[in-house]
Amino acid sequence: MTANGPISSARPAGRHAPEAQASCPALEQGHLHEIHSQAEDRAAALAFALTQGPLAGAGAIFALRTPRRQRLPTLFSGDGLALLGIQPGRLTIVETRTEVDMLRAGLEAARCPGVVAVLMESEGRFVDYDLTASRRLVLAAEASGACILLLRGDAEPRSSGAQTRWTIKSAPSVALEADAPGWPAIEAELLRCRGGLAGGRWRLTWDNEGGCFRDADGQAPLPGAVVPFSRLRTDAGDDGDEQRQVA
Amino acid sequence: MGTSSDRSLDGVAPEPLALVARVGSALRLAAVDRQAVEQGLAAGMTLADARARCPTLVTRPADPVADAQALDHLLEAMRHFTPMVALDAPNGLILDISGCSHLFGGPKALAQQARAIAGYASRHAFGPNAMAARALARHGGSGGDVAALPVAALELDDGGLAALRRAGLRSIGDLAQRPMGMIAARFGEQAVTRLRQILGEAPSPIAPRRPSAPIRAEARFPEPIARTEDVMDVIEDLLDQAARQMEARKLGGRRFVIRLLRSDGARQGLAIETGQPVRDPAAVLRLLRERIDTMADPLDPGFGFDAVLLAVPRVEPLAERQQAMDGEAQAAEEGIVALVDRLGIRLGPDNVRRLQPCDRHLPEGAQRLLPATQSRQQLWPTEEDRPPRPLLLFDPPQPVAVIAGVPDGPPQRFRWRDRLHEVRLAEGPERIAAEWWRRRAGHQPGGAGKTRDYYRIEDSDGRRYWMFRHGLFGEETEIRWYLHGLFA
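Residues numbered from 1 in each chain as written. Chains lettered and ligands numbered in written order. Predicted model: local features only at pLDDT ≥ 70, side-chain atom pairs only at ≥ 80, totals over all residues. Heavy atoms only, no water.

Per an unreviewed UniProt entry, chain A goes by Protein ImuA and derives from Sphingobium psychrophilum.

Right, here's the structure in full:
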């Protein structure tokens, strides 16, 4: 667990998180992260989950879902995963009949050593996901160091033990030549960050050479919800920061 | 005793039959039946020659693998007569019937029964040792006299045989009268070895194939036991015994079957399968508990169980592995295999799957989901100069209503799930033709199925879709559009 430090220092400085990647905090290992999206934006949310976390390296990923609960019948596409730099062979796709089964299987996968990430997709209310269930997941993730990502489509945020909660939306891309759709672009909003400051919004575009999402060119964090500057730096008495905060 | 079987069926076929195989660039006869032999055909002849001699010849392609399997079955069947049965390559069996023949009414009666069981036309011979029996069965005439055998029975190469014939040596008997040293000097050491084996002067051991004992363990109780925990304790004990048996033979089980015999005669079965061969009792026990948890009606002991039987019907080689220096990575891998097994037993193996690439043309056929226990790890093939593929595919594709500017152009707006989407950007088409080579009439016009034109589009909300037009304008009366995927 990180202390009440600035978000930027909470980012692991590993080789998968170079400084130039994106200014939004990465999805840390050993925690539970919730990613909200609309059903149509599920691909964007998945791309964010798969590339912003510790999944980008190697190791097994367990993707769990309850097909009966999903209104849009979708499958992972191996070609699409490979484009995001994820070898499809790392992914084990588990389909359960009920959401309780999914939580149980996800918990078991999170406790298993060698599993890097557990990706659970839910849609709708997800009644069985309550504080107790989320706390169980958090404990399992902390014990094993796996990253648990819970994708919630068309759902109201609910209090839980998650480390971060995001909303992901597809964003208009920068058109390529001949009005072709450009590289994936998403809008990420940090709704909640345990031990940090929430409320940031970022516009991210896919960098195909680097194989990661980067801040959209020439765009500061979007206006909207105010991005507060970290208190630590203001305490340090940096004049520039102070001035900007006043402004 | 040697039984040499050739492959022709007992003379029911009115036409001569031969099996043909491709040798080099020519089709040659691999085996012939009795009628074909009578017509003057022999194995090794080219098919063209054989057809010239016998126009009514019926041919079938030779299948050596199936032949080997059939011979294996025959070998198992011959265990009826003696435990010492050996394969006599390429197409014979050697039975050691010392001390067994009187049980079947003498050697002749035994041979008759064996040939009846085999069901094929076959030749047999008795010999004092394996090599003599083999030589008599393959090259002998009616008598059992080794000395009268032709020198071909030595099975030397063509050069050696020609040299023997040039020297005027036609039978084994001729050769046996010469000094061995001279034969070795002129015709090679092998000739002497074979000769001495046929004459019985040198040993010709056989390597009988022994049936591998099935791995099983059982426990019978003087008093029936009823508590599930007690039963599990007994099963653990049985698994321990089985593990010791498997360890001695360097095997691991892929399938474990437990049978519980109740005191009132009812039987209950439990079976589990694993993705990797295992023999660790704790791992198997964990899977068994998982299986019991998922059963609709749990173990019903009634008045108690009398006996518990364990069998491991499917085994695979499992060598004892040395702990690698990076033991952690290995432990992680084993942990994942165990997890996949556990989830597979609880949720069904068809619900724990991995993506496998397929060499197919259509996007939905280019991958398939295989149960994780069967899938192989392989690199995903990537094509550089191909438009990108979406992250999620719709299965099945979603029909949409589309308005396109020009008949052949990209869509301008479309209606999906009761919402109108304005197309902001579009790229395409990427034309993917139907797989005509997979269809029966695919090479004929209109028989191949519909061509798809794929477009990558982005709507005004910034969502990117993969959409295709099913069929070409001018060929179809009604053109349908489908959404096939979602891009990030």
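The number of helices and strands found in chain A is seven helices and ten strands. Split into buried and exposed, the 247 residues of chain A put 54% on the buried side. When contacts within chain A are restricted to residue pairs at least 6 apart in sequence, long-range pairs at least 24 apart make up 69% of them. (Helix = DSSP H or I, 4+ residues; strand = E, 2+ residues; numbered from the N terminus. Buried < 20%, exposed > 50% of the residue type's maximum accessible area, 1.4 Å probe, protein only. Contact = heavy atoms within 4.5 Å.)

Taken together, the contact between chain A and chain B spans 56 residues of the former and 51 residues of the latter. Where chain A abuts chain B, roughly 4600 Å² becomes buried across the two surfaces, and 60% of that area is made up of carbon and sulfur atoms. The largest per-residue losses of area from chain A upon contact with chain B belong to Glu40, Leu75 and Pro181 of chain A, which jointly make up 14% of the total buried on that side. At the junction of chain A with chain B, the criterion picks out six salt bridges. The salt bridge partner of Asp79 of chain A is Arg386 of chain B, with a shortest N-O separation of 3.3 Å. Inspection of the region where chain A meets chain B yields 24 residue pairs in polar contact (both at pLDDT 80 or more). Those elements giving two or more residues to the side of chain A that touches chain B turn out to be α2 (42-52), β2 (60-65), β3 (74-76), α3 (78-83), β4 (91-95) and α4 (99-111) of chain A. The biggest single contributor to the side of chain A that touches chain B is α3 of chain A, with six residues. Each residue belonging to the side of chain A that touches chain B can be placed in one class, and the counts come to 33 nonpolar, 13 polar and ten charged. Pairing of β3 of chain A with strand β14 (residues 392-404) of chain B involves three bridges; the strand directions are antiparallel. (Buried area = accessible area lost by both parts, 1.4 Å probe. Salt bridge = Lys/Arg side-chain N within 4 Å of Asp/Glu carboxyl O. Polar contact = N/O pair within 3.5 Å; in protein donor to acceptor, adjacent residues only side chain to side chain. Nonpolar A, V, L, I, M, F, W, Y, C, P; charged D, E, K, R; others polar. Pairing = 2+ DSSP bridges.)

Before going further, it helps to examine α2 of chain A. For an α-helix, 3.6 residues make a turn, and residues three or four places apart therefore share a direction. Burial runs high along α2 of chain A: eleven of the eleven residues are buried. Regarding α2 of chain A, the residues found buried are Arg42, Ala43, Ala44, Ala45, Leu46, Ala47, Phe48, Ala49, Leu50, Thr51 and Gln52 of chain A.

Inspection of the entire model under this criterion finds 47 salt bridges over all chains. Linking Arg346 of chain B and Glu290 of chain B is a salt bridge whose minimum nitrogen-to-oxygen distance equals 2.8 Å. Residue Arg346 of chain B is found in helix α12 (residues 327-347), and its partner Glu290 of chain B is found in helix α11 (residues 281-294); the two are separated by 56 residues along the sequence. Relative accessible area serves as the criterion here: at 14%, Arg346 of chain B is assigned to the buried category. Owing to a relative accessible area of 9%, Glu290 of chain B belongs among the buried residues under this scheme. With its nearest N and O atoms 2.7 Å apart, the salt bridge here joins Arg452 of chain B to Glu364 of chain B. Here Arg452 of chain B, found in strand β17 (residues 452-459), pairs with Glu364 of chain B, found in the loop between β12 (352-357) and β13 (367-371); they are 88 residues apart in sequence, far enough to count as distant. The partly exposed category is assigned to Glu364 of chain B, whose relative accessible area is 38%. Each of Arg42, Arg65, Arg71, Glu121, Glu123 and Asp154 of chain A takes part in a single network of salt bridges with overlapping partners.

Reading across from one edge, β10(A)-β9(A)-β8(A)-β7(A)-β1(A)-β6(A)-β5(A)-β2(A)-β4(A)-β12(B)-β13(B) is the order of the eleven strands in this open sheet, with mixed pairing throughout. In this open sheet, the two edge strands, each paired with only one partner strand, are β10 (212-215) of chain A together with β13 of chain B. Recorded for the sheet is a direction-independent mean angle of 30° between the axes of neighbouring strands. Relative to β13 of chain B, β12 of chain B is paired through five bridges, and the arrangement is antiparallel. For Arg353 of chain B, the partnering residue across the bridge sits in β13 of chain B and is Pro371 of chain B. The sheet contacts of helix α5 (residues 131-144) of chain A involve β1 (32-37), β5 (115-123) and β6 (147-153) of chain A, and relative to β1 of chain A the element is tilted by about 130°. (Axes fitted to C-alpha atoms, helices over the stretch in contact; angles between N-to-C directions.)

Residue and element names in this part refer to chain B. The element strand β9 (residues 251-262) is largely enclosed, with a buried count of ten among its twelve residues. Bridge count for β9 against strand β11 (residues 305-317) is ten bridges, and the pairing is antiparallel. The residue of β11 that forms the bridge with Val257 is Ala311. Across eight bridges, the pairing between β9 and strand β10 (residues 267-278) is antiparallel. Looking at the pairing, Leu261 lines up with Arg267 of β10. Linkage of β9 to β10, two consecutive antiparallel strands, is achieved through a turn of four residues, within which Gly265 is found at a positive phi near 95°.

Quick look at the packing of α4 of chain A against α5 of chain A now. Residue and element names in this part refer to chain A. Running from N to C, α4 and α5 point in directions that differ by 20°, and their axes come no closer than 8 Å. For the element pair α4 / α5, the angle class is roughly parallel. As α4 runs across α5, the sense of the crossing is left-handed. Packed against α4, whose contacting residues are Leu103, Leu107, Ala110 and Arg111, the element α5 presents Ala133, Arg136, Leu137, Ala140 and Ser144 at the interface. Residue composition of the contact of α4 with α5, by class: six nonpolar, one polar and two charged. (Parallel < 35°, antiparallel > 145°, perpendicular 65-115°, else oblique. Left-handed = near helix turned anticlockwise from the far one by under 90°.)

The subject of this paragraph is α5 of chain A. All names here are of chain A. Look at α5: 20 Å from first C-alpha to last across 14 residues, which is about the 20 Å you get at 1.5 Å a residue. Restricting attention to buried positions, one finds in α5 the residues Ala133, Ser134, Leu137, Val138, Ala140 and Ala141. Along the axis of α5, the buried residues cluster in a sector spanning 165°; they form a single face. Of the residues in α5, the exposed ones pointing more than 90 degrees away from the buried face are Leu131 and Ala143. Positive backbone phi, at 85°, marks Gly145, one or two positions downstream of α5. (Expected span 1.5 Å × (residues − 1). Arc of directions from axis to C-beta.)

This next bit is on the side chain of Asp41 of chain A. Examined against the element boundaries, Asp41 of chain A turns out to sit in the loop between β1 and α2. Beyond its immediate stretch of four places on either side in the chain, Asp41 of chain A contacts Ile168, Lys169 and Ser170 of chain A together with Arg463 of chain B.

Further remarks concern the nonpolar core. Counting 55 residues, the largest nonpolar core has Ile35, Phe48, Phe76, Leu119, Trp166 and Ile168 of chain A as the members making the most contacts within it. If we skip the residues at most four places from it in the chain, Ile168 of chain A touches Ile35, His36, Ser37, Asp41, Ala44, Ala45, Phe48, Ile186, Glu187 and Ala188 of chain A. (Core = buried A, V, L, I, M, F, W, Y, C linked by side-chain atoms within 4.5 Å.)

All names here are of chain A. Here four bridges tie strand β9 (residues 201-207) to β10, and the two strands are oriented antiparallel to one another. The residue of β10 that forms the bridge with Asp207 is Cys212. Turn length for the β9-β10 hairpin, with the two strands adjacent in sequence and antiparallel, is four residues, and the turn residue Gly211 shows positive phi of about 70°.

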